[in-house]
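Coordinate inspection notes
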Amino acid sequence: MDIKEIQNLIKFVAKSGASEVKLEMDDIKITIRTGGDDRGESTTYLQQIPVNQAVAQGMPSAPVQSATPVVEAPAVSEDSKYITIKSPIIGTFYRKPSPDKPMFVEIGTSIGEGDVLCVIEAMKLFNEIESEVSGKIVKILVDDSSPVEFDQPLFLVDPS
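Residues numbered from 1 in each chain as written. Predicted model: local features only at pLDDT ≥ 70, side-chain atom pairs only at ≥ 80, totals over all residues. Heavy atoms only, no water.

Comments concerning the overall build of the protein
Of regular secondary structure, the protein possesses two helices and twelve strands. In the protein, which comprises 160 residues, the share counted as buried stands at 36%. Nonlocal contacts in the protein, meaning residues at least 24 apart in sequence, comprise 49% of its contacts between residues at least 6 apart. (Helix = DSSP H or I, 4+ residues; strand = E, 2+ residues; numbered from the N terminus. Buried < 20%, exposed > 50% of the residue type's maximum accessible area, 1.4 Å probe, protein only. Contact = heavy atoms within 4.5 Å.)

Topic: the pairing of strand 9 (residues 125–130)
Across a regular strand the side chains alternate sides, sitting on one face of the sheet and then on the other. Bridge count between strand 8 (residues 116–122) and strand 9: six bridges; the pairing is antiparallel. The residue of strand 9 that forms the bridge with Cys 118 is Ile 129. (Pairing = 2+ DSSP bridges.)

Some remarks on the confidence of the model for the protein
For the protein, mean pLDDT is 76; residues scoring 70 or higher make up 71% of the total. Within the model, pLDDT remains below 50 along residues 51–69, and this stretch shows 42 contacts once partners closer than five positions in the same chain are excluded. (pLDDT = per-residue confidence, 0-100.)

Examining the packing of aromatic side chains
For the structure on display, the rule yields two aromatic pairs. Relative to Phe 155, the ring of Phe 93 has its centre 5.9 Å away and its plane inclined at 55 degrees; by these criteria the two rings are tilted. Residue Phe 93 is found in strand 6 (residues 91–94), and its partner Phe 155 is found in strand 12 (residues 153–158); the two are separated by 62 residues along the sequence. No difference in accessibility class separates Phe 93 from Phe 155, as the two residues are buried. Geometrically, the ring pair formed by Tyr 94 and Phe 126 is tilted, given 6.1 Å between the ring centres and 45 degrees between the ring planes. Linking Tyr 94 in strand 6 with Phe 126 in strand 9, this pair joins segments that are 32 residues apart in sequence. Tyr 94 sits in the partly exposed class, given a relative accessible area of 22%. (Phe/Tyr/Trp six-rings, centres within 6.5 Å; stacked < 30°, edge-to-face > 60°.)

Brief notes about the nonpolar core
Of all hydrophobic cores here, the largest spans 18 residues; its most connected members are Phe 93, Leu 117, Ile 137, Leu 154 and Phe 155. Those elements that place two or more of their residues in this core are strand 5 (83–86), strand 8, strand 10 (135–140) and strand 12. With residues up to four places along the chain from it excluded, the contact list for Phe 93 reads Cys 118, Val 119, Ile 120, Val 142, Asp 143, Asp 144, Ser 145, Ser 146, Val 148, Leu 154 and Phe 155. Ranked by size, the runner-up nonpolar core spans eight residues in total, among them Ile 28, Ile 30, Ile 32 and Phe 150. (Core = buried A, V, L, I, M, F, W, Y, C linked by side-chain atoms within 4.5 Å.)

Comments concerning the pattern of salt bridges
Scanning the model with the defined rule gives one salt bridge in all. Glu 106 is the salt-bridge partner of Arg 95, the closest N and O atoms lying 3.1 Å from each other. Taken as a pair, Arg 95 in the loop between strand 6 and strand 7 (110–111) and Glu 106 in the loop between strand 6 and strand 7 lie far apart in primary sequence, eleven residues in all. Its relative accessible area of 14% is what places Arg 95 among the buried residues. Note on Glu 106: relative accessible area 40%, which makes it partly exposed. (Salt bridge = Lys/Arg side-chain N within 4 Å of Asp/Glu carboxyl O.)

A short note on the sheet that holds strand 6
In spatial order, the strands read 9-8-6-11; together these four strands make up an open sheet with antiparallel pairing. Both outer strands of the open sheet, strand 9 and strand 11 (146–148), are each paired with one neighbouring strand and no more. Each strand of the sheet is rotated relative to its neighbour by a mean of 40 degrees, with strand direction disregarded. Relative to strand 8, strand 6 is paired through three bridges, and the arrangement is antiparallel. Within strand 8, the position partnered with Tyr 94 by the bridge is Val 119. (Axes fitted to C-alpha atoms, helices over the stretch in contact; angles between N-to-C directions.)

Observations concerning the side chain of Ser 131
In this structure, Ser 131 sits in the loop between strand 9 and strand 10. Look at Ser 131 and you get buried, because its relative accessible area is 3%. In this structure the side chain of Ser 131 is engaged in a polar contact, spanning 2.5 Å, whose partner is the backbone oxygen of Val 133. (Polar contact = N/O pair within 3.5 Å; in protein donor to acceptor, adjacent residues only side chain to side chain.)

Put into structure tokens, the structure is as follows:
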């Protein structure tokens, strides 16, 4: 299953109103849970586990996905003109490509579409997260080497 199929499945489940969907295939297990909050919105979580590999190595289950573009949405504040760049996967957030290299972006950095903003590690795979918008980084919402969830806000960008 590729990332586009997984994203389409997430969208379908969110629109259907189902609270949980489990999909098990030969080597992959996917669980998607949606839960409404007090504002009537729903949150979708994706967990993809290579079943054979996790059992063979005796490792705890963890998500695995290939690199994907960043999911973007308007910031929560109504008067805000910023775009929120969110995590497309679950993993560990890193601001540098390696410990001895400089940060990808800092507050005030001008970015363009396709620029790498950070990497997210999921099961020893480092996924470059690219920007889908042009603008200037206003705020970095996650600390370096911190765990992040699917759809968690990472950056605020001023598109002007």
